[in-house]
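# Examining the three-dimensional arrangement
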Amino acid sequence: MDYRAKDGEMRRVHRETVDVLARFGRDGRLEPCVVVLKDCRAFRIDEVLMASGFGPVHHGKRTARFDIRLGGRETQLFLEHQLENPATGTADKYVWWVRAFDGTKRSPAEGC
């Protein structure tokens, strides 16, 4: 289980895949523009604060991170490149995801 601080409290988070409308700039950069959640709510990205390139391959995946601002709130958006694996027959694909907070809070007994 992964926990992150939200509003001063530790809350459980999970990966949630999202749809993203993005564009390629004239210089070849990928810029996400709109995030669409699975309940069909769409949020325009106000600003891309930072974009990292893809990191090293780890467990057949490599991930790029985008620090973004949505409606005045800063968050992170991830683009995961899942590499083709001929042994299992899985194709090469890209998946966008965000960290979503559950309602579950960490109890004081669990520590920090």
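Check the entry above for the structure.
Just so we're clear, the structure is a prediction, and the values are computed from it rather than from any experiment.

Rules of the game
- Residues numbered from 1 in each chain as written.
- Predicted model: local features only at pLDDT ≥ 70, side-chain atom pairs only at ≥ 80, totals over all residues.
- Heavy atoms only, no water.
- Phe/Tyr/Trp six-rings, centres within 6.5 Å; stacked < 30°, edge-to-face > 60°.
- Helix = DSSP H or I, 4+ residues; strand = E, 2+ residues; numbered from the N terminus.
- Buried < 20%, exposed > 50% of the residue type's maximum accessible area, 1.4 Å probe, protein only.
- Lys NZ or Arg CZ within 6 Å of the ring centre and 35° of its normal.
- Salt bridge = Lys/Arg side-chain N within 4 Å of Asp/Glu carboxyl O.
- Core = buried A, V, L, I, M, F, W, Y, C linked by side-chain atoms within 4.5 Å.
- Contact = heavy atoms within 4.5 Å.
- Pairing = 2+ DSSP bridges.
- Polar contact = N/O pair within 3.5 Å; in protein donor to acceptor, adjacent residues only side chain to side chain.

### Details of the packing of aromatic side chains
All chains considered together, the criterion is met by 3 aromatic pairs. When the centroid spacing of 5.6 Å and the interplanar angle of 40° are considered together, the rings of F66 and W96 count as tilted. Of the two residues, F66 is situated in strand β6 (residues 61–70) and W96 in strand β8 (residues 93–105); the sequence distance between them amounts to 30 residues. W96 matches F66 in its accessibility class, with the two residues each being buried. Over the face of the ring belonging to W97 we find R15, whose NZ or CZ atom lies 4.2 Å from the ring centre.

### Topic: the pattern of salt bridges
Evaluation of the coordinates by the stated rule reveals 8 salt bridges. With a shortest N-O distance of 3.3 Å, R23 and E31 are connected by a salt bridge. Using a relative accessible area of 26% as the deciding quantity, one classes E31 as partly exposed. The salt bridge involving R41 is made with D39; its shortest N-O contact spans 2.8 Å. What emerges from the salt-bridge pattern is a single network uniting E47, R69 and E74.

### Some points on the nonpolar core
Within soluble globular proteins, side chains that are nonpolar tend to cluster in buried spots. Of all hydrophobic cores here, the largest spans 13 residues; its most connected members are V18, V35, I45, F66, I68, L77 and W96. Counting residues per element, the ones that place at least two in this core are β6, β7 (73–82) and β8. A total of 4 residues in this core trace back to one element, the largest contributor, which is β6. Each residue touching V18, except ones within four places of it in the same chain, is listed here: V35, V36, L37, L77, W96, W97 and V98.

### Topic: the pairing of strand β3 (residues 19–24)
Note: β3 against strand β4 (residues 30–36), 6 bridges, orientation antiparallel. Along β4, the bridge assignment pairs R23 with E31.

### Overview of the side chain of E80
In this structure, E80 sits in strand β7. Given the relative accessible area of 3%, E80 is considered buried. Reaching out from E80, the side chain makes a polar contact with the side chain of R15 at a distance of 2.9 Å. A polar atom in the side chain of E80 sits 2.8 Å from the side chain of Q82. The residues touching E80, leaving out its near neighbours within four places in the chain, are R15, K61, R62, T63, K93, Y94, V95 and W97.

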